Amino acid sequence: MTKDELKEKIKVLVKQIYNPDTLSVNTDTDVTLDAPKFPVLLKFPELKDIIVNLLTDQYEIFITDIQWVAPKPTTFRVVLGNGEPFMLTYSPRSWIAQIEGKKYYLLNLNEEESATEAIARMLAYGVTEEKPGGTETPEETPTETPAAEPAAETDTTA
């Protein structure tokens, strides 16, 4: 087989495979790639507004999952990209964000800003856990010194 014959065979095969009739799009079998990443946001559009306020309109980069946890009070678990969750609860007056165990009432601007900072801290460092009984680990606790002998009680009644 010569070089020219090979070229002709390839041209014929390409025309057979890429025939415009075979490339026509069948609308019955179309696959849509427009499926939302978080379908719960379609059901609760107010939740999307709160998430945009707490993060940005590019929240999809930072969130891996949004789970509907409880129907009353309507509570959602938002899982961040590093696997750390925080809770958003709807109340009639405002949304409540529970981040690292602390509640932030998002009606107040200063608490909304504090919640945003807490989420940023979670994204940067993960959850900061306090150990029970204080922040010292057992290796850091000072050795106990024996207590001084109690002084002998003196009777002050005359």
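Procedures and definitions
Residues numbered from 1 in each chain as written. Predicted model: local features only at pLDDT ≥ 70, side-chain atom pairs only at ≥ 80, totals over all residues. Heavy atoms only, no water. Phe/Tyr/Trp six-rings, centres within 6.5 Å; stacked < 30°, edge-to-face > 60°. Helix = DSSP H or I, 4+ residues; strand = E, 2+ residues; numbered from the N terminus. Buried < 20%, exposed > 50% of the residue type's maximum accessible area, 1.4 Å probe, protein only. Pairing = 2+ DSSP bridges. Axes fitted to C-alpha atoms, helices over the stretch in contact; angles between N-to-C directions. Contact = heavy atoms within 4.5 Å.

As for the packing of aromatic side chains
For any pair of aromatic rings, geometry is given as the distance between the ring centres together with the angle between the planes.
At step 1: The tally for this structure, following the rule as stated, stands at 6 aromatic pairs.
At step 2: When the ring of Phe-44 is compared with that of Trp-68, the centres are 4.9 Å apart and the planes differ by 75 degrees; the resulting orientation is edge-to-face. With Phe-44 in the loop between helix H2 (40–43) and helix H3 (45–54) and Trp-68 in strand E1 (residues 63–70), the pair connects residues that are 24 residues apart, well separated along the chain.
At step 3: The class for Trp-68 is partly exposed, based on a relative accessible area of 42%.
At step 4: Pairing Trp-68 with Phe-76 gives two aromatic rings, centres 6.5 Å apart and planes at 25 degrees, and the pair type is stacked.
At step 5: Owing to a relative accessible area of 0%, Phe-76 belongs among the buried residues under this scheme.
At step 6: A connected cluster of aromatic rings, assembled from ring pairs, spans Phe-44, Trp-68, Phe-76, Tyr-90 and Trp-95.

Examining the sheet that holds strand E4 (residues 95–99)
At step 1: The strand order across the open sheet formed by 5 strands is E1-E2-E3-E4-E5, and the pairing between neighbours is antiparallel. One side of each edge strand has no neighbouring strand; the edge strands of this open sheet are E1 and strand E5 (102–105). Strand-to-strand twist in this sheet, taken as the mean axis angle between neighbours without regard to direction, amounts to 25 degrees.
At step 2: Relative to strand E3 (residues 85–90), strand E2 (residues 75–80) runs antiparallel, the two being bridged by 5 bridges. By the bridge assignment, Thr-75 is partnered in E3 with Thr-89.
At step 3: Running at roughly 130 degrees to E3, H3 makes contact with E1, E2, E3 and E4 of the sheet.
At step 4: The sheet strands contacting helix H4 (residues 109–125) are E2, E3, E4 and E5, and the helix crosses E5 at an angle near 135 degrees.

It is worth stressing that arrangement in space is one thing and function is another; only the former is reported here.
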